[in-house]
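Listed below are the residues making up each chain.
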Amino acid sequence: MLAIVACLAGCGGPSVVKVSGRVTLDGKGVEDGEIVLVPTDPKLGPDAGKITGGRFELMAKPGAKKVEIRANREITGKKDGAMGSPFKTFESIIPDRYNDRSGLTLDVPTTDVTEKLFELKSEKRGSKAP
């Protein structure tokens, strides 16, 4: 009986903590996007959350993470469907260096993380990405 009670208290998957904060692009809050925390431990899956009005909140497993941030905007007037049918077309507003090739990291502790700030910069013509 004690083993069952102990298991109920401690069995299951890894514990999670709340991670929240802000994401800006060129000083302005990212209005609509997603943030993904990819663990360095390949046995664990990623944790993801929505960015709304420049803010995010998600539940994540503690540990070292690679941070990927994505946001898109609609390209007005462009048709992407067969024969010009009205499918919406989108483009990424976040440079690859913050998502697919992200160098952003976060070490999620075993307690809640509040007000983590990710300040992103867009790629400018003639400039090189860091």
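Residues numbered from 1 in each chain as written. Predicted model: local features only at pLDDT ≥ 70, side-chain atom pairs only at ≥ 80, totals over all residues. Heavy atoms only, no water.

> Just checking my understanding: could you explain the overall build of the chain for this structure?
A count of helical and extended segments in the chain gives one helix and 10 strands. Each helix and strand of the chain, ordered N terminal to C terminal, gives the series α-β-β-β-β-β-β-β-β-β-β. Per-residue burial over the chain gives 32% buried out of 130 residues. Here the analysis covers contacts within the chain between residues at least 6 apart in sequence; of these, 63% occur between residues at least 24 apart. Carbon and sulfur atoms form 55% of the exposed surface of the chain, whose accessible area is close to 8,700 Å². (Helix = DSSP H or I, 4+ residues; strand = E, 2+ residues; numbered from the N terminus. Buried < 20%, exposed > 50% of the residue type's maximum accessible area, 1.4 Å probe, protein only. Contact = heavy atoms within 4.5 Å. Areas by Shrake-Rupley, 256 points an atom, 1.4 Å probe, with all protein chains shown as cover.)

> Sorry if this is basic, but what is going on with the environment of S92 here?
By secondary structure assignment, the location of S92 is in strand β8 (residues 90-92). Exposure remark for S92: the relative accessible area of 43% places this residue in the partly exposed category. Each C-alpha atom of the pair S92 and N72 lies 4.3 Å from the other, and the pair is 20 residues apart in sequence. Excluding residues within four positions of it along the chain, S92 makes contact with A71, N72 and N99.

> Would you mind showing me how to read the pattern of salt bridges here?
Pairing between side chains becomes possible if they bear opposite charge and their charged atoms approach one another. Across all of its chains, the model carries eight salt bridges by this definition. Of the charged contacts in the structure, one is a salt bridge between K50 and D32, with a shortest N-O distance of 2.3 Å. Of the two residues, K50 is situated in strand β4 (residues 47-52) and D32 in strand β3 (residues 32-39); the sequence distance between them amounts to 18 residues. Under the relative-accessibility criterion, D32 is labelled partly exposed at 45%. For E68, the salt bridge is made with R70, and the minimal N-O distance between the two is 3.1 Å. For R70, a relative accessible area of 26% puts it in the partly exposed group. Shared partners join several salt bridges into a network, and the residues in it are K66, E68, R70 and D100. (Salt bridge = Lys/Arg side-chain N within 4 Å of Asp/Glu carboxyl O.)

> Whenever I open this one, the confidence of the model for the chain confuses me. Can you help?
Low-pLDDT stretches of the model should not have their predicted coordinates read in fine detail. When pLDDT is averaged across the chain, the result is 84; 76% of the residues are at 70 or more. Predicted confidence is poor over residues 1-9, with pLDDT under 50, and the contacts of this stretch with residues over four places away or in other chains come to one contact. Across residues 125-130, where pLDDT falls below 50, the model places three contacts with residues more than four positions away in sequence or in other chains. (pLDDT = per-residue confidence, 0-100.)

> Would you mind going over unusual backbone geometry with me for this structure?
What you tend to see is this: most non-glycine residues have negative phi, and most peptide bonds are trans. For D26, which is not glycine, the phi torsion reads 55° and is therefore positive. Relative to the helices and strands, D26 resides in the loop between β1 (17-25) and β2 (28-29). Phi is positive for E115, close to 60°, though the residue is something other than glycine.

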